[in-house]
Amino acid sequence: MFIVTLKFADKAKAPQLMEGHNAWIRKGFDDGVFLLVGSLQPNAGGTVLVHNTTRADLEIRVTDDPFVAEGVVSAEIQEIVPGRVDDRLAFLKA
């Protein structure tokens, strides 16, 4: 699984690209890759919890985000190999 951190670099461009960014998020959920999307506080950017993909495919997906492509945010991908999980998240170890 992966955690993608999207930290604001140029918030001024965000409003004009929000529709495309939200479409990118919807596609991630529709594809079964995104598990959770949330805001970094206070208003610092966002985070995406990702599963069921490879790092190479995720890197391509992240560059397709209009926020990343247009420099609204900088992206960092961290890979996590789950060791111990709550039973409700057991699917993450698969």
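Scroll up to find the structure this text is about.
None of the values given here were measured: they were computed from a predicted structure.

A. Up close: a nonpolar patch on the surface. The grouping of Leu35, Leu36, Leu89 and Phe91 at the surface amounts to a nonpolar patch, some 340 Å² of accessible area in total. Of note, phenylalanine 91 is situated in the segment after β4 (73-79). Residue phenylalanine 91 is classed as partly exposed on the basis of its relative accessible area, which comes to 40%.

B. Expanded view of unusual backbone geometry. Note the cis peptide between glutamine 41 and proline 42, where omega equals -5°. As for its placement among the helices and strands, proline 42 is situated in the loop between β2 (34-40) and β3 (45-50). At asparagine 43, a position not held by glycine, the phi torsion is positive, near 45°. Assignment of secondary structure puts asparagine 43 in the loop between β2 and β3.

C. Spotlight on the environment of tryptophan 24. Looking at the element boundaries, tryptophan 24 is found in helix α1 (residues 14-30). Sequence separation between tryptophan 24 and aspartate 86 is 62 residues, and the spatial gap between their C-alpha atoms is 29 Å. If we ignore the near neighbours within four places in the chain, the residues touching tryptophan 24 are Leu6, Phe34, Val48, Arg61, Val62, Asp64, Asp65 and Pro66. Of note is the side chain of tryptophan 24, whose polar atom sits 2.8 Å from the backbone oxygen of arginine 61.

D. A look at the sheet that holds β3. Taken together, 4 strands build an open sheet; the order of strands is β2-β3-β1-β4 and the sheet is antiparallel. Two strands close off the open sheet at either side, each with one partner strand: β2 and β4. The average angle at which neighbouring strand axes cross in this sheet is 15°, direction not considered. Against the sheet, α1 contacts β1 (2-8), β2 and β3, and its axis sits at roughly 150° relative to β2. Against the sheet, helix α2 (residues 55-63) touches β1, β2, β3 and β4, its axis set at about 165° to β4.

E. Region of interest: the packing of aromatic side chains. With the rule as written, the count across this model stands at 2 aromatic pairs. With centroids separated by 5.1 Å and ring planes inclined at 65°, the aromatic side chains of tryptophan 24 and phenylalanine 34 adopt a geometry described as edge-to-face. Of this pair, tryptophan 24 sits in helix α1 while phenylalanine 34 sits in strand β2, placing them 10 residues apart in sequence. A relative accessible area of 8% means that tryptophan 24 is categorised as buried. Here phenylalanine 29 and phenylalanine 34 contribute two aromatic rings whose centre-to-centre distance is 6.1 Å and whose plane-to-plane angle is 85°, an arrangement assigned as edge-to-face. What makes phenylalanine 29 partly exposed here is its relative accessible area of 37%.

Calculation criteria
Residues numbered from 1 in each chain as written. Predicted model: local features only at pLDDT ≥ 70, side-chain atom pairs only at ≥ 80, totals over all residues. Heavy atoms only, no water. Patch = residues over 30% accessible without salt bridge, like charges linked within 9 Å, V, L, I, M, F, W, Y side chains within 5 Å. Areas by Shrake-Rupley, 256 points an atom, 1.4 Å probe, with all protein chains shown as cover. Salt bridge = Lys/Arg side-chain N within 4 Å of Asp/Glu carboxyl O. Helix = DSSP H or I, 4+ residues; strand = E, 2+ residues; numbered from the N terminus. Buried < 20%, exposed > 50% of the residue type's maximum accessible area, 1.4 Å probe, protein only. Contact = heavy atoms within 4.5 Å. Polar contact = N/O pair within 3.5 Å; in protein donor to acceptor, adjacent residues only side chain to side chain. Pairing = 2+ DSSP bridges. Axes fitted to C-alpha atoms, helices over the stretch in contact; angles between N-to-C directions. Phe/Tyr/Trp six-rings, centres within 6.5 Å; stacked < 30°, edge-to-face > 60°.

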